[in-house]
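Chain by chain, the residues run as shown.
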Amino acid sequence: MILPNKNYSNLKDSYLFYNIAQKVKAYSDKNPGKKLYRMGIGDVSLPLCDAVTEALHEAVCDQAKKESFHGYMPECGAPFLRDAIAKHYNKRGVNIASDEVFVSSGASDELGDILDLFDKSSPALVIEPAYPAYVDANVMAGREIVHLASGRENGFLPEPDDSIKADIIYICSPNNPTGAVFGRDKLKKWVDFANKNGAVILFDAAYEAFIEDTELPHSIFELDGARTCAIEICSLSKTAGFTGTRLGYTVIPKELKRDGMSFNEMWVRNRTTKTNGVSYIIQKGGAAVFTDEGQRQIHRNIGIYKNNAKVLMSALDKTGLWYCGGKNAPYIWLKCPDNMDSWTFFDYLLNEIQVVGTPGEGFGACGEGYFRFSTFASPEDTAEAARRLCSLLEK
Ligand code: PLP
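Predicted, not measured: the structure shown is a model, and the values here were computed from it.

1. Notes on the overall build of the protein
What the protein contains, in helices and strands, is 12 helices and 15 strands. Its C-alpha atoms give the protein a radius of gyration of 21 Å, near enough to 21 Å, the size a compact globule of 395 residues would have. Projected onto the principal axes, the alpha-carbon positions of the protein cover approximately 60 × 55 × 55 Å. Split into buried and exposed, the 395 residues of the protein put 54% on the buried side. Considering only contacts in the protein between residues 6 or more positions apart, those separated by 24 or more positions represent 74%.

2. Looking at the pattern of salt bridges
Scanning all chains against the criterion turns up 22 salt bridges. Asp-99 serves as the salt-bridge partner of Lys-254, at 2.8 Å between the closest nitrogen and oxygen. Here Asp-99 lies in the loop between helix H3 (79-91) and strand E2 (101-104) and Lys-254 lies in the loop between strand E8 (248-251) and strand E9 (257-258), a separation of 155 residues in the sequence. By relative accessible area, which is 37% here, Lys-254 ends up partly exposed.

3. A few points about the sheet that holds strand E14 (residues 358-359)
Pairing is antiparallel across the open sheet formed by four strands, whose spatial order is E11-E12-E15-E14. Edge positions in the open sheet fall to strand E11 (323-325) and E14, since each of these has one partner strand only. Pairing between strand E12 (residues 331-335) and strand E15 (residues 370-374): five bridges, direction antiparallel. Bridging from a neighbouring strand, Ile-332 pairs with Phe-373 of E15. Helix-sheet contacts for helix H10 (residues 292-319) involve E11, E12 and E15, and the interaxial angle to E12 is about 15°.

4. Describing the site of the ligand
In the region of the ligand, 15 residues are neighbours, and Asn-176, Asp-204, Tyr-207, Ser-235 and Ser-237 sit closest. For the ligand, an oxygen atom lies 2.9 Å from a polar atom in the backbone of Ser-108. Here an oxygen atom of the ligand sits 2.6 Å away from a polar atom, N or O, in the side chain of Ser-237. When the ligand is considered free in solution it has 400 Å² of accessible area, and contact with the protein chains removes 92% of it. Those elements that place two or more of their residues in the shell around the ligand are helix H4 (107-113) and helix H7 (237-240).

5. Description of the sheet that holds E2
Strands sit in the order E2-E8-E7-E6-E5-E3-E4 across an open sheet of seven strands; the sheet is mixed. The sheet is open, and its two edges are formed by E2 and strand E4 (145-149), each paired on a single side. Averaged over all pairs of adjacent strands, the angle between their axes in this sheet comes to 20°, without regard to strand direction. Across four bridges, the pairing between strand E6 (residues 200-204) and strand E7 (residues 230-235) is parallel. Counted as the bridge partner of Leu-202 is Ile-231 from E7. Packing against the sheet, H3 makes contact with E2, E7 and E8, and its axis sits at approximately 120° to E2.

6. Observations concerning the packing of aromatic side chains
Summed over all chains, the structure comprises 21 aromatic pairs. Between Trp-333 and Tyr-370 the ring centres are 5.4 Å apart and the planes differ by 5°, which places this aromatic pair in the stacked class. Of this pair, Trp-333 sits in strand E12 while Tyr-370 sits in strand E15, and the two are 37 residues apart along the sequence. Note on accessibility: Trp-333 and Tyr-370 belong to one class, buried. Pairwise contacts between aromatic rings join Phe-156, Trp-322, Trp-333, Phe-363 and Tyr-370 into one cluster. Across from the ring centre of Tyr-89, 5.6 Å away, lies the NZ or CZ of Arg-92, which sits over that ring. It is Lys-284 that lies over the ring of Phe-80; its NZ or CZ is 4.5 Å from the centre.

7. Observations concerning the domain arrangement of the protein
Considered domain by domain, the protein is made up of domain 1 (14-43 + 294-393) and domain 2 (50-291). Between the C-alpha centres of domain 1 and domain 2 there is a distance of 27 Å. Contacts between the two partners involve 29 residues from domain 1 and, on the opposite side, 33 residues from domain 2. Overall, the association of domain 1 and domain 2 removes approximately 2,600 Å² of surface from exposure, summing both partners, and the carbon and sulfur fraction of that is 59%. It is Asn-328, Phe-363 and Cys-366 that lose the most area in domain 1 upon contact with domain 2, and together they represent 23% of the buried surface on that side. Remark: the boundary between domain 1 and domain 2 carries three salt bridges. Ionic pairing is found between Lys-327 and Glu-212, a salt bridge with its closest N-O pair at 3.7 Å. Taken together, the links from domain 1 to domain 2 amount to 15 residue pairs in polar contact (both at pLDDT 80 or more).

Parameters and conventions
Residues numbered from 1 in each chain as written. Predicted model: local features only at pLDDT ≥ 70, side-chain atom pairs only at ≥ 80, totals over all residues. Heavy atoms only, no water. Helix = DSSP H or I, 4+ residues; strand = E, 2+ residues; numbered from the N terminus. Rg over C-alpha atoms; globule rule 2.2 N^0.38 Å. Buried < 20%, exposed > 50% of the residue type's maximum accessible area, 1.4 Å probe, protein only. Contact = heavy atoms within 4.5 Å. Salt bridge = Lys/Arg side-chain N within 4 Å of Asp/Glu carboxyl O. Pairing = 2+ DSSP bridges. Axes fitted to C-alpha atoms, helices over the stretch in contact; angles between N-to-C directions. Near = heavy atom within 4 Å. Polar contact = N/O pair within 3.5 Å; in protein donor to acceptor, adjacent residues only side chain to side chain. Areas by Shrake-Rupley, 256 points an atom, 1.4 Å probe, with all protein chains shown as cover. Phe/Tyr/Trp six-rings, centres within 6.5 Å; stacked < 30°, edge-to-face > 60°. Lys NZ or Arg CZ within 6 Å of the ring centre and 35° of its normal. Domains from an automatic or database assignment. Buried area = accessible area lost by both parts, 1.4 Å probe.

What follows is the structure, encoded as structure tokens:
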């Protein structure tokens, strides 16, 4: 008899989004006419920009002609896209070569697949509250997980200390769900810690395009020492509306080696074995994101989400509730009022003002008592949700 991977039985029920959906459905069944204001969604609401859709259309036409047809693409990514991404880093003063860039179908896929590079006995550190996939991917792999709680006292940006024993370190900055962003000095402490201990940082930069404060790093490779201890995982999902189109990229520097083995070379071997590349059409659409016009257009869309953030933040300012995020990230993380737990606050907002958010407890135990709003809804819904929040909670 085939034996299943028993690690799956150690997964906690992923009840966060299921529970939300159930509660929302029960409310809507009881109140059929009531419109809901969905401030919980992590999906984007704006379509792909013109530069991208034009490139996608052209690529479809290429596939219709013998002279320009593409079959299998190179497993690690089309040279035109790897070059465009490397140049994008170079323009920001970060020295990345094209063959250090690996094109992927999105950050989620990479966050799970990349664990193939590490020995099963290497414990993984997850800074919580955290994007749930970090924990689950490691539970499936049977890896020990070290949970590091963060909180208001450190701005949800904890520092390393010598009591931490972990070989893989997840850092998500800008953070989902807290919206907190590591500054250079604090991030450098993690880089130094990883180099000192031989650990590898998996730096999730899915939200880097939302950073507006110029002193904050978009990439861990802006810091000295990162090339010997970090892998950066990026996504065009939120940057350019590719949640349903699927495209991301991973940067693995050639200097990143442990025990004489190069993680860049190992990943080439992994990709050439386990993938047949990302579709030519999608990669063409992705390359358009890195043109000057593409950058202008995606930042116009990001500006709309940032405006949503401002609207929500100004409502929260009036309520007097504590919050962080929103400025350099598409998430706002707030303290529930009157010591409410996060599910009670969820029910309260749903029942009283039909606003749906995400309870912080779903991102780890230290998220209890907090709540996440996303800024990806339409400006109209966001404005109405903000108005309702103010009238319910204004002091
Ligand atoms: N990393 C973080 C922190 C995310 O919040 C998300 C999606 O919400 C992802 C990765 C996954 O992105 P992708 O759509 O590229 O799989």
